[in-house]
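Examining the three-dimensional arrangement
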Amino acid sequence: MSCTEIMEWVNTKEYQELNFKREALVINPPKACQPLGAIFCAAGFEGTLPFVHGSQGCAAYFRNNLSRHFREPFSAVSTSMTEDAAVFGGMNNLIEGLQNSYSIYKPKVIAISTSCMAEVIGDDLNSFILKARELNVIPKDIPIPFAHTPSFVGSHINGYDNMLKAILLNLTDGKKGSKNNKINIIPGFDPYVANIREIKRMLNLMGVEYTVLSDNSDVLDSPQNGNFEMYPGGTKLEDTADSINGIATIGLQKFSTMQTIKFIQESFGHEGLSIYPPIGIKATDGFLMKIKKLTGRTIPEELEIERGRAVDAATDAHQYIHGKRFAVFGDPDEVFGIVNFLLEMGGEPVHILTATGTKQFGEEMKVLLGSSPYGKLANLYTGKDLWHLRSLLMTEPVDMLIGDSHGKWAARDAGIPLLRIGYPIFDRVNLHRYPTIGYQGVINLITWIANTFIDEVDRKSDDAHFELLR
Amino acid sequence: MSVAIAKTQEIIDDILKVYPEKTRKKRALHIKPNDTSGGCPVKSNMKSIPGVMTARGCAYAGSKGVVWGPVKDMVHLSHGPVGCGHYSWATRRNLASGKPGVDNFVPFHFTSDFQERDIVYGGDKRLETILREIKTLFPLAKGITIQSECPIGLIGDDIEAVAKKMTKEMGIPIVPVRCEGFRGVSQSLGHHIANDSIRDHVLGKKKLEEKTPYDVALIGDYNIGGDAWAVKELLEEIGYRVVSIWSGDGTLDGLSVTPDVKLNIIHCYRSMNYICRHMEEKYGIPWMEVNFFGPSKIKASLRKLAERFDDSIKEKTEEVIKRHESEMQKVIDKYRSRLEGKKIMLYVGGLRPRHTIGAFEDLGMEIIGAGYEFGHSDDYTRTYPMLKEGVVLFDDVTHYEFEELVKKLKPDLVASGIKEKYVFQKMGLPFRQMHSWDYSGPYHGWKGFSIFARDMDMAINSPTWGLINPPWKE
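Residues numbered from 1 in each chain as written. Chains lettered and ligands numbered in written order. Predicted model: local features only at pLDDT ≥ 70, side-chain atom pairs only at ≥ 80, totals over all residues. Heavy atoms only, no water.

Quick look at the overall build of chain A now. Within chain A, the secondary structure is distributed over 19 helices and 14 strands. By the compact-globule yardstick of 23 Å for 470 residues, chain A fits well, its C-alpha radius of gyration being 23 Å. Relative to its full complement of 470 residues, chain A shows a buried share of 63%. Across chain A, the fraction of contacts at a sequence separation of at least 24, relative to all contacts at a separation of at least 6, is 75%. Element-wise, carbon and sulfur atoms account for 50% of the exposed surface of chain A, whose accessible area totals about 17300 Å². Across chain A, 45 positive and 55 negative side-chain charges occur, with their mean positions spaced 2 Å apart. (Helix = DSSP H or I, 4+ residues; strand = E, 2+ residues; numbered from the N terminus. Rg over C-alpha atoms; globule rule 2.2 N^0.38 Å. Buried < 20%, exposed > 50% of the residue type's maximum accessible area, 1.4 Å probe, protein only. Contact = heavy atoms within 4.5 Å. Areas by Shrake-Rupley, 256 points an atom, 1.4 Å probe, with all protein chains shown as cover. Lys, Arg positive; Asp, Glu negative; His and termini not counted. Charge placed at Lys NZ, Arg CZ, Asp CG, Glu CD.)

This is how it looks when you write it as structure tokens:
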């Protein structure tokens, strides 16, 4: 076949069938690996140095990746394991790494995650850390939580979960005391600094006391004031320790922090639950009602007015979204939230795709889709990649693709706009500074989606149809 | 010891104080004042120290990310777990013509996405299936490389056997590359391993059908932001025929036929000197290092190149230089007064810590510090004579050392990578990424210089730097 013939062939149903028959090859999967999520989580605690035990290239890659999305510095060290460590194990690297990084950066906590090499050779982190303490190369009392985060299990969202669990296990150990009045909030792997801020703002309006675990919103959005700070914020260690004495813990990503929530249920002695991400009006209502129930606080008028404004934005702009066909890909929770939002706007999700996703996720997504007349067209694909998605877009076209920057080739081939939501976004600026959750998030989502469609109409109109009013 | 040297040494000693004794001793070898009389002062190509925050990557990054990745008509499989391929997915700006997914696979991420069972039971069977699936879905892929990630070497998979068997079965070259990230001390070994794999599986497998006396190959230009295209245009204007580019916008056949050229022109010496030396030894092809950043170096390089060819090339070279002279002078006239005397610190990989010096100097700027992420002594030997006495040289500089050096030496611009960018910008310092050209480019060739000059001016003279201090604090 010639190049031109193949260009046509890759768009056919026949090609799609071959493409979906793949058993082993994975092409453009929208998922990163565990340690990326682990260091992202660790960076959200006060004075905490993310420390990657494994080959040094891994840490370089994670730092590049996070810096490109947030356009911020990202500090993390590596133990730079090489061939000799493959033979003798990584103990010397780990001990030397702890000593050096402590000497230079004076962290309050060193949070260790692993990359593949350390996991394949089976390094015993606990005994290595004990050895380092024994040798007095680091202060005896510095907390060193550690998580096993191999790239060959799960994805970045599991890395976040494992690291958070490790940090809570370490910092809350022996801290059980009298109850405080706080709710613990777990954002999960959320690439929007503005989302954490939005949650805090809503809780402040309700007068609820809270601890965000982990709060990397200031760490990944530090002000330009002429100074570089290594640890510009994060959840206070004291508050982290005291989180065991909170009223309850809420995970804002139902499918992403399951290990941590389970750990909390078992050891904090308070209610630990996960809700669907508060994306869209109803999901935000659900979040506020849950907080109300757990704390006994009322939902203030300000929030009700805000809600009204968001609903006003929805009714004003419904015509641009209603009946439009969408493809959505990304991490399960974010995808769930966006689908939920589209349904309440009358948008029709057609292809929903995740690279990961549990059976439970699949079942609950089906329930969600079944609950709305606008969910009837939708097909859910879990464990699939963006080359599968490309086939779907070519054989069953939609009006818009929603997902991270990696979707730009598939969207271009399909001749539709990509609305950038998720992680990573490397080719647009500042989106992470706008919330996607809460009532403010509803306004942002509507604005982005509707205006993108209107831009398309303007761009594609001939002179006769190029109008002022849209 | 000169005053300049003593002054720099004092700064270095002060910075190194923070380290534990053993680390201090090791790091002291890698960070020195330039002593133009005494030979290359710094040690290089040694292991990074655990826990210090190095900017270095790994052998996989050197092979898949640098050397092989830009070869567009082959599929480069990131063999192992999902991460490595994800992070190196379309992030190096190797532009390539052709239809993505049809005859150009550069912006793709092909992975075997290893799961725990593959680690336990081995991935060779899975690899065979993957190779067949690539062939089915991408019939125009001319070949496949298997880019090994760390676990492959650790679990003892025999990718060479699979590659051999499947090359026979599928009738296209399948190249096993042992670039596991734990090998060597940086991405540098990955370059070498990748060069060797091209040598063993690709080089000389095809012949150039039509030869001319002006056939050259451009080696070590990765077409970042279109660099290689700018150089190709420049060479072809003189009358050279660029038969092959290694490896920006590159092709399998282009690599194969390279032993038929008259001269290998090498830009990134660090990543591709190996293959040039090999072609010199085995095929008798000479190679020449050139520098296509900034008019001074471009002119010198073109004249040096012309020496190897006939009078028509020599005449054409002078003609072309003359043709571009006024345009280059316009760029200098426009920007030099805005950039004159500005001080630069450079920390990059490959060739850039020395190759960009001339371009900065053409604009009146001065280099006050330079270092390589993964250079060897031959890189430093080529660099230190270009710099003034007392200029600080730093090898595999740590995040902490770089920060402190910048605080003490106060450059007007730091030119380095994405991991450094926002650290220095937060300090209120102008910065340009010199790996990715900060999403601009090309920087090579005549065309590139005007873009380079504009970008440096934009970084240094951006009015945004003046907004940092609130008026109530002034």
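Still to come is the rest of the account.
The helix and strand tally for chain B stands at 20 helices and 14 strands. For 474 residues, the compact-globule estimate of 2.2 N^0.38 gives 23 Å, and the C-alpha radius of gyration of chain B, at 23 Å, lies within 12% of that figure. With the C-alpha coordinates of chain B rotated into their principal frame, the extents come out at 70 × 60 × 45 Å. Of the contacts made within chain B by residues no fewer than 6 positions apart, 72% connect residues no fewer than 24 positions apart. Of the roughly 16700 Å² of accessible surface on chain B, a fraction of 51% belongs to carbon and sulfur atoms. Considering chain B, the positive charge centre built from 67 side chains and the negative charge centre built from 63 side chains are found 2 Å apart.

Moving on, we come to the pairing of strand S7 (residues 241–247) of chain B. Side-chain direction in a regular strand flips from residue to residue, so the side chains alternate between the two faces of the sheet. Residues and elements named next belong to chain B. Extensive coverage of S7 is indicated by the burial of six of its seven residues. When strand S6 (residues 215–221) meets S7, the two strands line up parallel, connected through six bridges. Note on S7: the bridge partner recorded for Ala217 is Ser244. Running through helix H10 (residues 227–238), the crossover from S6 to the neighbouring parallel element S7 is right-handed. (Pairing = 2+ DSSP bridges. Right-handed = clockwise from strand over helix to strand, strands pointing away.)

Listed per partner, the contact involves 81 residues of chain B and 77 residues of chain A. Across the chain B/chain A interface, buried area totals approximately 6800 Å², and carbon plus sulfur atoms make up 64% of it. Where chain B packs against chain A, one counts six salt bridges. For A:Glu72, the salt bridge identified is with B:Lys426, shortest N-O distance 3.0 Å. Across the contact surface, chain B and chain A share 29 residue pairs in polar contact (both at pLDDT 80 or more). (Buried area = accessible area lost by both parts, 1.4 Å probe. Salt bridge = Lys/Arg side-chain N within 4 Å of Asp/Glu carboxyl O. Polar contact = N/O pair within 3.5 Å; in protein donor to acceptor, adjacent residues only side chain to side chain.)

This part is about the domain arrangement of chain B. Residue and element names in this part refer to chain B. Each domain of chain B was delimited in the assignment, giving domain 1 (59–184) and domain 2 (215–317). Between domain 1 and domain 2, the C-alpha centre-to-centre distance is 28 Å. Listed by partner, the interface residues are 16 residues for domain 1 and 15 residues for domain 2. Where domain 1 packs against domain 2, one counts one salt bridge. (Domains from an automatic or database assignment.)

Attention now moves to the domain arrangement of chain A. Residue and element names in this part refer to chain A. Taken domain by domain, chain A consists of domain 1 (34–171), domain 2 (183–295) and domain 3 (308–464). Between the C-alpha centres of domain 1 and domain 3 there is a distance of 35 Å. Each partner contributes to the interface: domain 1 provides eleven residues, whereas domain 3 provides twelve residues. Of the roughly 1000 Å² buried where domain 1 meets domain 3, counting both sides, 55% is carbon and sulfur surface. Ranking the residues of domain 1 by area buried against domain 3 places His69, Arg71 and Ile157 at the top, with a combined share of 50%. The salt bridge partner of Glu72 is Arg433, with a shortest N-O separation of 3.7 Å. Of all the secondary-structure elements, those providing two or more residues to the side of domain 1 that touches domain 3 are helix H4 (56–70) and helix H9 (156–171). No other element matches the five residues that H4 contributes to the side of domain 1 that touches domain 3.

Moving on: helix H12 (residues 269–283) of chain B. Three- or four-residue spacings in an α-helix give side chains the same orientation, since the helix completes a turn every 3.6 residues. Turning to H12(B), its buried residues are B:Tyr269, B:Arg270, B:Ser271, B:Met272, B:Asn273, B:Tyr274, B:Ile275, B:Cys276, B:His278 and B:Met279. In the stretch just after H12(B), B:Gly284 is the one whose phi turns positive, near 70°.

All names here are of chain A. Relative to the elements of secondary structure, Asn216 occurs in the loop between strand S7 (209–212) and helix H11 (237–242). On the basis of relative accessible area, Asn216 is assigned to the buried category, the value being 3%. Apart from the residues lying within four places of it in its own chain, the contact partners of Asn216 are Phe40, Ala43, Gly44, Val193 and Ile196.

The next subject is the sheet that holds S7(B). Paired through backbone hydrogen bonds, the strands of a sheet run either parallel or antiparallel to each other. Residues and elements named next belong to chain B. As summarised here, the arrangement of the four strands in space is S7-S6-S8-S9, forming an open sheet in which the pairing is parallel. Both edges of this open sheet fall to S7 and strand S9 (287–289), since each of them pairs with a single strand only. In this sheet, adjacent strand axes meet at a mean angle of 25° when their direction is disregarded. (Axes fitted to C-alpha atoms, helices over the stretch in contact; angles between N-to-C directions.)

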